[in-house]
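Understanding the architecture of this molecule
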Amino acid sequence: MAVAKLGRTLAHYQWGGPGAISKLFGWGEPEEPEAEWWLGVHPLRPSTIAADGKPLADWLQRHGGVGELPYLFKVLAPSMPLSLQVHPSTDQATEGFDREVRRRMDLDDPLRLYKDPSAKPELVVALEGGFSALAGVRAVEDVVASLTELDPDGNSVIGAFRQRVKSDGLDSTVRWLLSGGDDVAELVSALEDHRDTNDTLRRLSEHFPGDPGVAVGLLLHRVDLHHGEGLFVDAGVPHAYLEGYAVELMAPSDNVLRGGLTQKHVDVESFLDVADFTPADVPWLHPVERDGVSQYEPAGQGFGLSRVRGEEIHATATLTGPSIFLCTAGSFQLRGSRGSRTTQRGEAWVASHSESPITVEGSGELWWAGPR
């Protein structure tokens, strides 16, 4: 059967909780930070086959003739804000990548912004326990209302900030905030005095005191996702993931432009060139229910995520290319055209297109990612 179990390719970034992913899946309780589990063939952290440690790309080549995937699948476990960031469009990524190639910048140069010539649209769906994020730009009147709650009299620097938002708009306001300066520092300090009454201010200022991104965070939608709720973050959408557990599916790119709230390299001008601070609704991604399967499929992106959850599940996974299955609770049988495998909580498996359709039977929660 062209199905294989994948190894545990973890990213130990400092923003991950101590042993967070191991504890989520019952692997143990290590103290080392665990931020992400990567499932794919991205060269930065490629998956391996659990049985022999060989690259997933080699397995895909043997069982389909192509060693690449049009997506990267992850488990996220931030215990603190990641960064204020944005992803480029394909045209922006191609231009930026070519520019840095001409400058002969190494791929591992910490100042390099574009690691590949690809866009990085991504969807994120909360796991058990929920997931908190800032995503997309709020309406000016909503921002003004929030600032009024912090400073009803409007006689402080917060009142002046509120007036700037009303008169100049959000794009101009963000450019002023990220320019820094004494007046911005005074504003951020005043906002941080209200952290006990505003959870977003509390989370951001706890880890990045004095960062102008603390103020920018108030301009974005605060979204607290419940289990199974999702967002789709397209090119240009400013966002910052805060805390919790989630699965994430994206194009196989590592292009991230940061504007603050991080110890990594920040390039304000590049961030502002790509970020779109036009007010918009929360970028929800609502699943479509088909035959007992919840399908998260952002239009036109070339990838999608499916999920089943409950007792005595009997569903069908129709694969349109190599797909990755992830069991986050319980146990399931995966029955393909040439046999079956059992997957349990904390296991990930790759399945060849040749096994389609795969019958899924069991109880708990199972996800599968693949091309669409």
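Residues numbered from 1 in each chain as written. Predicted model: local features only at pLDDT ≥ 70, side-chain atom pairs only at ≥ 80, totals over all residues. Heavy atoms only, no water.

Further remarks concern the packing of aromatic side chains. In this structure the tally under the stated criterion is nine aromatic pairs. Seen in terms of ring centroids, Tyr13 and Trp15 are 5.7 Å apart; in terms of plane orientation they differ by 40 degrees. Their pairing is tilted. Trp15 gets classed as buried once you look at its relative accessible area, which sits at 11%. Positioned above the aromatic ring of Trp176, the side-chain terminus of Arg164 is 3.9 Å from the ring centre. The residue whose ring lies beneath Lys264 is Tyr13, and the NZ or CZ to ring-centre distance is 4.8 Å. (Phe/Tyr/Trp six-rings, centres within 6.5 Å; stacked < 30°, edge-to-face > 60°. Buried < 20%, exposed > 50% of the residue type's maximum accessible area, 1.4 Å probe, protein only. Lys NZ or Arg CZ within 6 Å of the ring centre and 35° of its normal.)

What follows is about the pattern of salt bridges. Any two side chains of opposite charge can pair, on the condition that their charged atoms come close. The full count for this structure, using the stated rule, is 17 salt bridges. Here Arg202 makes a salt bridge to Asp199, at a shortest N to O gap of 2.7 Å. Of this pair, Arg202 and Asp199 both sit in helix α8 (residues 199–207), separated by three residues, roughly a single helical turn. According to the relative accessible area criterion, Arg202 is partly exposed, its value standing at 33%. Judged by relative accessible area, which is 29%, Asp199 ranks as partly exposed. (Salt bridge = Lys/Arg side-chain N within 4 Å of Asp/Glu carboxyl O. Helix = DSSP H or I, 4+ residues; strand = E, 2+ residues; numbered from the N terminus.)

Quick look at the side chain of Ser83 now. With respect to the secondary-structure elements, Ser83 resides in the loop between β6 (72–76) and β7 (84–86). Side-chain polar atoms of Ser83 contact the side chain of Gln85, separated by 2.8 Å. Setting aside chain neighbours within four positions, we find Ser83 in contact with His239, Ala240, Arg258, Gly260, Leu261 and Thr262. (Polar contact = N/O pair within 3.5 Å; in protein donor to acceptor, adjacent residues only side chain to side chain. Contact = heavy atoms within 4.5 Å.)

Turning next to helix α4 (residues 140–150). Within α4, burial applies to Val143, Val144, Leu147 and Leu150. Projected down its long axis, α4 carries its buried residues within an arc of 115 degrees, all on one side. Facing away from the buried side of α4, by more than 90 degrees, are the exposed residues Glu141 and Glu149. Next to the buried residues of α4 lie α5 (157–168), α6 (170–178), α7 (182–192) and α8. (Arc of directions from axis to C-beta.)

The next thing to look at is unusual backbone geometry. In this model, Ser356 is joined to Pro357 through a cis peptide bond whose omega is -5 degrees. With respect to the element layout, Pro357 can be found in the loop between β18 (347–351) and β19 (358–371). We note that Arg104 has phi near 60 degrees; this positive angle belongs to a residue other than glycine. Mapping Arg104 onto the fold places it in the loop between α3 (90–102) and β8 (122–137). Given a relative accessible area of 75%, Arg104 falls into the exposed group.

Turning our eyes to something else, we now look at the nonpolar core. Within the largest apolar cluster, 60 residues are counted, with the highest numbers of intra-cluster contacts made by Phe131, Leu147, Leu177 and Leu191. The biggest single contributor to this core is β8, with seven residues. Setting aside residues up to four positions removed in sequence, Phe131 forms contacts with Leu76, Pro78, Val124, Ala126, Val223, Asp224, Leu225, Tyr241, Glu243, Gly244, Tyr245 and Ala246. (Core = buried A, V, L, I, M, F, W, Y, C linked by side-chain atoms within 4.5 Å.)

Quick look at the environment of Gly346 now. With respect to the helices and strands, the residue Gly346 is situated in the loop between β17 (339–344) and β18. Sequence separation between Gly346 and Ala329 is 17 residues; the distance between their C-alpha atoms is 7.5 Å. Beyond its immediate chain neighbours, meaning those up to four positions away, Gly346 contacts Phe25, Trp27, Trp37 and Cys327.

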